[in-house]
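# Analysis of the macromolecular model
Spelled out, the chains give:
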Amino acid sequence: FIVSRVISGFGMSESASTKTVTPSFRRARALYEEAIGLGDSLAAEHLEHLQEAIDKHAPLMDHRVEIQGSSRKDINGKRGIALDFHAAAGTDPDTWRYTVKLDNGAVFKIKPTKLRAEPEQGRAGVQARPRSSSSLKEKCAACVPGTIVGIC
């Protein structure tokens with residue numbers, strides 16, 4: 001039960017007759033933490049693998065960011081926090097998005113290539129995503145969650 005709930009929360013099909021939801025790294029993390037609290041012995045290992053995937057593929061998640069190069073000129077230069085990361089088509093980085101909540105409260109899904117770490121003095125450890133998505137496709141094919149098994 002716990003694992004099936006985690007899998008459905010991570011973005012797999014809810015059932016054969018319902019829609020598929022967008023994978024959410026934040027939701028998956030919360031469900032693994034809940035499963036740990038309920039005594040699931042495998043959840044801690046899965047959470048560790050998920051955190052490795054977040055560190056590798058979504059380094060800006062939970063960090064302050066600035067939007068740059070968006071087709072929406074009115075949000076370029078705006079700042080906020082990257083609340084979540086969605087690997088909608090699994091291994092295709094062109095479909096990946098961060099959910100960003102701007103300082104004014106507006107929320108947008110933004111391509112990783114359109115974000116950078118907010119420039120601040122003394123900010124260490126947050127790296128912007130690489131510009132080229134072709135190398136990401138090759139590097140990430142085996143470790144972006146298309147299924148729960150195979151996360152980094």
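The rules we used
Residues numbered from 1 in each chain as written. Predicted model: local features only at pLDDT ≥ 70, side-chain atom pairs only at ≥ 80, totals over all residues. Heavy atoms only, no water. Helix = DSSP H or I, 4+ residues; strand = E, 2+ residues; numbered from the N terminus. Buried < 20%, exposed > 50% of the residue type's maximum accessible area, 1.4 Å probe, protein only. Contact = heavy atoms within 4.5 Å. Areas by Shrake-Rupley, 256 points an atom, 1.4 Å probe, with all protein chains shown as cover. Pairing = 2+ DSSP bridges. Axes fitted to C-alpha atoms, helices over the stretch in contact; angles between N-to-C directions. Core = buried A, V, L, I, M, F, W, Y, C linked by side-chain atoms within 4.5 Å. pLDDT = per-residue confidence, 0-100. Salt bridge = Lys/Arg side-chain N within 4 Å of Asp/Glu carboxyl O.

## Considering the overall build of the protein
Scanning the protein from N- to C-terminus turns up four helices and five strands. For the protein, the succession of helices and strands along the chain, N to C, is α-α-α-β-β-β-β-β-α. Counting only residues that meet the buried cut, the protein has 37% of its 152 residues in that class. Taking as baseline every contact in the protein between residues at least 6 positions apart, the subset at least 24 positions apart corresponds to 51%. In the form shown here, the protein has an accessible surface area of approximately 8200 Å², with 52% of it arising from carbon and sulfur atoms.

## Remarks on the sheet that holds strand β1 (residues 64–67)
The pairing of strands in a sheet comes from backbone hydrogen bonds and takes either a parallel or an antiparallel form. With respect to topology, five strands assemble into an open sheet ordered β4-β3-β2-β1-β5, the strand pairing being antiparallel. Edge positions in the sheet fall to β4 (107–110) and β5 (115–117), since each has one partner strand and no second. Strand-to-strand twist of the sheet, defined as the mean angle between neighbouring strand axes without regard to direction, takes the value 45°. Pairing analysis gives seven bridges linking strand β2 (residues 79–87) to strand β3 (residues 96–102), with the strands arranged antiparallel. For Ala82, the partnering residue across the bridge sits in β3 and is Val100.

## Quick look at the nonpolar core
In terms of nonpolar packing, the biggest core is built from 26 residues, with Phe25, Phe85, Tyr98 and Leu115 touching the most fellow members. In terms of residues, this core owes the most to one element, helix α3 (residues 43–57), which gives five residues. Excluding its chain neighbours within four sequence positions, the residues that come into contact with Leu115 are Leu60, Val65, Glu66, Ile67, Gln68, Tyr98, Val100 and Ile110.

## Examining the pairing of β1
Note: β1 against β2, three bridges, orientation antiparallel. By the bridge assignment for β2, Glu66 is matched with Arg79. The pairing of β1 with β5 spans three bridges and is antiparallel. Bridging across to β5, Val65 finds its partner in Ala117.

## Let's talk about the confidence of the model for the protein
Close inspection of predicted coordinates is inappropriate for parts of the model with low pLDDT. When pLDDT is averaged along the protein, the result is 74; 62% of the residues meet or exceed 70. A low-confidence stretch, residues 1–19 (pLDDT under 50), is modelled with 35 contacts involving residues beyond four sequence positions or located in other chains. Contacts of residues 122–152 to residues separated by more than four positions or lying in other chains number 69 contacts, the stretch itself having pLDDT below 50.

## Concerning the pattern of salt bridges
The final tally for this structure, using the stated rule, is eight salt bridges. Residue Arg79 pairs with Glu66 through a salt bridge whose shortest N-O separation is 3.4 Å. Of this pair, Arg79 sits in strand β2 while Glu66 is found in strand β1, placing the two residues 13 residues apart along the sequence. The closest approach of N and O atoms between Arg72 and Asp74, which form a salt bridge, is 2.7 Å. Judged by relative accessible area, which is 39%, Arg72 ranks as partly exposed. Since its relative accessible area comes to 45%, Asp74 is described here as partly exposed. It is possible to trace a salt-bridge network through shared partners that takes in Arg64, Glu66, Arg79, Asp103, Arg116 and Glu118.

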